[in-house]
Amino acid sequence: MTYLRLFLSFMKIGFCSFGGMTMIPVINDEVLKYGWMTASEVMDIVAVAEMTPGSLGINCATFVGLRAAGISGALCASLGVMMPSLTLSMAAAHFIFRLKGNKFLESAMRGVRPASMGMLAAAAVTLGITTFLPGNGMIAWKQIGIALISGSVLIKGKFSIPKTILFAAVLGLILG
């Protein structure tokens, strides 16, 4: 039953998000709903998934599946998160090539872009609450500092994402 639940949950994640960071709120909801991990463990998984090669969705699915049900669980979750993308990508490619230049398609895409930004903002708020307000009633000032410094080196220093994550890990080690 856990294997089927992992497959279906991550298939839902794949269908309900547009990839990357927009997956985080849905992953968080599904993982917490079934008790596969705690909120702070989900944050750790997201951080590790960003550092490792591959897509965030596949990496999170693999880590959550492994944690919940071993290697078989990792396979089920990974297959589940890939299923919608594969199916929809093949269907979309077919229609996009046939409807290239269509005004309705162009208008629909102008609606999807802001929705993706809204989902990204929701992910940032959800992760920010978990990271900066850890539940002990205190504000995590060190984490806020690391976030601000990391954001600065990412934007102004033009660090790559893996370099920024490594830099943030070193800051975390230094600041304790």
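All values reported here derive from a predicted model rather than from experimental measurement.

Trainee: Quick question: what am I supposed to make of the overall build of the protein here?
Mentor: Along the protein, the regular secondary structure elements total 7 helices and 0 strands. The dimensions of the protein, computed from C-alpha atoms along their principal axes, are 55 × 45 × 30 Å. Pairs at least 24 apart in sequence give 54% of the contacts found in the protein among residues at least 6 apart. Within the structure as shown, the protein displays about 11,000 Å² of accessible surface, and the carbon and sulfur contribution to it stands at 73%.

Trainee: I would appreciate a short explanation of the environment of Glu-41 in the present structure.
Mentor: Its place among the elements puts Glu-41 in helix 3 (residues 39-51). Spatially, the C-alpha atoms of Glu-41 and Asn-59 are 14 Å apart, while their sequence positions differ by 18 residues. At 2.8 Å, the side chain of Glu-41 and the backbone nitrogen of Thr-38 are in polar contact. A polar contact of 3.1 Å, which involves the side chain of Glu-41, links it to the side chain of Arg-67.

Trainee: What is the right way to look at the packing of aromatic side chains in this model?
Mentor: One pair of aromatic rings is described through two measures. These are the centre distance and the angle between the planes. Within the structure shown, the criterion is met by 2 aromatic pairs. Seen in terms of ring centroids, Phe-159 and Phe-167 are 6.0 Å apart; in terms of plane orientation they differ by 75 degrees. Their pairing is edge-to-face.

Trainee: Help me understand the state of the cysteines in this model?
Mentor: What makes a disulfide is a covalent bond joining the sulfur atoms belonging to two cysteines. Under the defined criterion, the tally for this structure stands at 0 disulfides. Of all cysteine sulfurs in the structure, the one in Cys-60 sits closest to Cys-16, which takes part in no disulfide; the separation is 16 Å. Lacking any disulfide linkage, Cys-76 is separated from the closest cysteine sulfur, that of Cys-60, by 17 Å.

The rules behind these values
Residues numbered from 1 in each chain as written. Predicted model: local features only at pLDDT ≥ 70, side-chain atom pairs only at ≥ 80, totals over all residues. Heavy atoms only, no water. Helix = DSSP H or I, 4+ residues; strand = E, 2+ residues; numbered from the N terminus. Contact = heavy atoms within 4.5 Å. Areas by Shrake-Rupley, 256 points an atom, 1.4 Å probe, with all protein chains shown as cover. Polar contact = N/O pair within 3.5 Å; in protein donor to acceptor, adjacent residues only side chain to side chain. Phe/Tyr/Trp six-rings, centres within 6.5 Å; stacked < 30°, edge-to-face > 60°. Disulfide = S-S within 2.5 Å.

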